[in-house]
Each structure stands twice: as C-alpha cells, then as structure tokens.
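For reference, the chains in residue letters:
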Amino acid sequence: MIEKVLLERKDLLSAILYSLGEGMVVTDREDKVALLNNHAEEVFGIKREEILGRKLTESINELAVINLFRQVRSEGKEIVNREIGITYPQSKTLSATITPLRSREGNIEGMVALFKDISAVKRMEKEVEEVARLTTLGSLSSWMAHEIRNPLNSIAISLELLQEEVEGLVKEELREEPLRLMKVISDEIHRLNESVHDFLSFDKPPSLNVETTDINQILNGTLSLIQPEAVKRGVKIRKGYRKKLPTVQVDAKKIRQAILNVIINSIQAMPQGGELHLITRSRENWVEIEIRDSGVGIPEKAQEKIFDFFFTTREEGAGLGLSITRKIVNEHGGDIQVESKENSGTRVILRLPLYLGRHKSVALDDYTN
Ligand SMILES: Nc1ncnc2c1ncn2[C@@H]1O[C@H](COP(=O)(O)OP(=O)(O)OP(=O)(O)O)[C@@H](O)[C@H]1O
Ligand SMILES: [Mg+2]
C-alpha cells in the first residue's frame, strides 16, 4: 500500500516536472545535478544521462548560468526572473529563477532553478519596436509629401505664369537674366520634387540608376556644395585621392547623397573649425571612401544608435542622415564603418564593390555545370 502511494507520488512528481513549461534543474549540496526535466534538456541541448550526478559547472557550459548559481550559493538569496543569454545549442534569451534549498539549520542543501526560454518574446518585442518606427517613418513621409508637394506645385505653376509674363511684357534684350534665374528656380523645384519622391520610396525596393562613376569626381562635386559652409566654420579640407581610382558601377546621385550626409555630419561636428580629410583608395574588389574629421566625436554609448532612424543629438537634426547613407551603400552591396573617439574625431569608411552584383553572378556560375 505504502509502496503504491510512493509510486503514485513519484509518477505525480514526474508528471509535474514534465508538464512544467519551463526547464528545471535541481542541484545538491555539492552543486551536482540531482534532477532535470525534459525542457531543461531542450533548453541547454544536453542529455539527462550525461549530466545527472555531475557537477553543474562541468555539465552546463554557459558562464551566465554558472555565475547565477554561484551568486545564489555565495549570497544565499533567491534570484527571480533574471534575463540571461546563452549560446548553445543556439543563442537564446532565458528568464532564470534560482532558489536555494535550505535544511532546518539553514544550510544550503541544494538549489532549484527554473529556466524559461523567452527568445520568441524578445524577438517579438524588437519587431514591434521596428514596425512602430517604420510606421512613424511612413506617416512622416506622407505628411512631408503633402506639406512639400502642394506648395511646390503652386510654385511651379506660378513660375510658368511668370515666365509667360516676362516673355510678353519685358523687352527682348532685358529678358535673358530673369529667364536664367527662373530656370534655376525651376531646376531646383525639380530637384526638391525628386528628393521628396526618393524619401517616399525609402522603404520600397531599391531601383538604382547605375552608371560608370568616378568617385573622386563625385567627392569634388560634393565638396563644391559644402565649401562655403566649411570656410565659414574654419574647416580645412585635405584631399587624399588615389590617382586613377577604378570606376564603379553605381547610382551616382544616390552615392553623392550618401557621401554628402557623412560630410555634413563631419562639418557639423567641428563648430570651432578643424580638419576634414577625404581619402579614396581601392582595396581588393572594393573602392573605399574615408571621411575623417577632428570634431567632437561620438560618445561610446551613442555609437550603436547612430544608424537608427531619428537618432540625433543635434537640436535641428532629423536623425536620418546616416540611416539613409547606410541604406544607399547597402543597396549597392557596400557597407559603412564608423570609428570615433570623443573629443578627438570620427572616421567613416564607405566601401563600394568594384563590380555591382558580382556576388550574384558568381553564385550563378557555381551552379552551372
Ligand atoms: N562626424 C560625426 N561627429 C560626431 N557625431 C556624429 C558624426 N556623425 C554622426 N554623429 C552623431 O550621430 C547622430 C546621427 O547622425 P545622422 O546624420 O543620422 O543624423 P543628424 O545629423 O543628427 O540629423 P540629419 O542628418 O537627419 O540632419 C548625430 O546626431 C550625431 O550625434
Ligand atoms: Mg546628419
């Protein structure tokens, strides 16, 4: 009878352990594994027979887990719902609760640990955040389009009327200059309209207008745009272009925009003047553009955020410059690296592949035989 009750209890205990939605590990006085359920096997990618009776530190090779057990042992206090990361059998985020088991005398006789895999929840949290951000960006874009395009339209129409007026009313020999100025306005309207259009297609698949491009020339073109601002701030420009830089197949307009965003950041980072180095080189299958400033630098904490939409430390910044730049270079199969030291300066390296889409054709070649 007693045996039957015990047996039933044992069954009950296993049933509870197995139906527990969490991984459970029980250790004894010597930190040897006394018990673990099937979820714990799954979470840590281990087999019960391999670890029962062995020291925990030898069976679960995860520093975060071992440290938690050590902490409970040394402080004698329970740890509840602590988030930790493990790497084997794959990267996971766990929520861990570890409780010391005490004898009547108060000695720690072992520990009970519960591990819940919360990776999916974490992933979802991240995705929700990203969607929220993109949604904000989406509504911001349509709002901007509306706000900019409407007045832009009326400017364009008024300009056309003005042109007709000038042609009708102003003597022929006096028309040239007003018409030239109106052409400038009309070109700029066109450009602004295109920018709005590009901005709206920010989260759409890329369409690249690829042409053979000399990056040194693009840099010079960009420089002429920012030169007045640089002079005003006392920023000296130092060019270190590689002569005979190989041309690249890129959307020149987009790449100009990408470079401009970085240069503008550098100039803004040197309010008391400084040096701006623009360097180009080719390395293996890449063309590299290095933009280096002697400005305020980026605090280490901010460095991981600078590519986030809307991350800015400037009062008038939108926090879009670098996200747009990264998007553009990524669309070209390139990448961007930033190194920075506070109060000493920032170095940004943009890399563009010499052969656009080369990876694709290599992959295809691999399969034809
Ligand atoms: N060269 C640099 N020196 C110091 N800080 C920089 C530099 N480049 C970027 N940053 C930091 O990164 C942040 C994000 O840059 P990003 O270009 O994306 O946005 P922004 O310049 O603030 O605004 P926007 O470019 O949209 O006008 C900046 O606010 C600044 O804090
Ligand atoms: Mg910027």
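Look up a bit, the structure's there.
Since the structure is predicted, the reported quantities are computational estimates derived from the model, not experimental observations.

Novice: Is there a simple way to explain the sheet that holds strand β3 (residues 79–86) in this structure?
Specialist: Pairing between the strands of a sheet is mediated by backbone hydrogen bonds and can be parallel or antiparallel. In spatial order, the strands read β2-β1-β5-β4-β3; together these 5 strands make up an open sheet with antiparallel pairing. Looking along the sheet, the strands with just one partner apiece sit at the ends: β2 (33–36) and β3. Put simply, the sheet's adjacent strands are angled 25 degrees from each other on average, direction ignored. Note that strand β4 (residues 92–102) and strand β5 (residues 108–117) share 9 bridges and pair antiparallel. Paired with R102 across the bridge in β5 is I108. Where helix α5 (residues 63–75) meets the sheet, it contacts β3, β4 and β5, and its direction lies at approximately 155 degrees from that of β3.

Novice: What am I meant to see in the pairing of strand β11 (residues 335–341) here?
Specialist: For a regular strand, the rule is simple: side chains alternate between the two faces of the sheet. In terms of strand pairing, β11 meets strand β12 (residues 345–353) through 7 bridges, oriented antiparallel. Bridge pairing in β12 places V338 opposite V348. The antiparallel pairing of β11 with β12 creates a hairpin that spans 3 residues between the two strands, and N343 there sits at a positive phi of about 65 degrees.

Novice: What should I look at first to understand α5 in this one?
Specialist: The α-helix winds at 3.6 residues per turn, so residues separated by three or four positions along the chain end up facing the same way. Given a rise of 1.5 Å per residue, 13 residues ought to cover 18 Å, and the 18 Å separating the end C-alpha atoms of α5 matches this to within 8%. Of all the positions in α5, only V65, L68 and F69 are classed as buried. All buried residues of α5 fall inside an arc of 95 degrees around its axis, so they share one side. The outward face of α5, more than 90 degrees from its buried face, is lined by the exposed residues N67, S74 and E75. Check the buried side of α5 and you find it contacts α4 (56–59), β3, β4 and β5. After α5 finishes, the residue G76 shows a positive phi value of roughly 70 degrees.

Reading the values: rules and limits
- Throughout this document, residue positions are counted from 1 along each chain, in the order its sequence is written.
- For this description, chains carry letters from A and ligands carry numbers from 1, given in the order in which they are written.
- The predicted nature of this model means local features are confined to residues of pLDDT at least 70 and side-chain atom pairs, given and counted, to a pLDDT of 80 or more, with totals for whole chains, interfaces and linings taken over all residues.
- Pairing between two strands is assigned when DSSP locates at least 2 bridges connecting them.
- Numbering of helices and strands runs from the N terminus; a helix is a DSSP stretch of H or I covering at least four residues, while a strand is a stretch of E covering at least two.
- Axis definition: a line fit to C-alpha positions, over the contact stretch in the case of helices; interaxial angles, taken between N-to-C directions, run 0 to 180 degrees.
- Two residues qualify as being in contact provided that their C-beta atoms, derived from the backbone, are within 7 Å of each other.
- Helix span, expected: 1.5 Å multiplied by one less than the number of residues in the helix.
- Buried means a residue has 20 or more other C-beta atoms within 10 Å of its own C-beta, exposed means 12 or fewer, and partly exposed covers the counts in between; C-beta atoms are placed from the backbone.
- This arc is built from the directions going out from the helix axis to the C-beta atoms.

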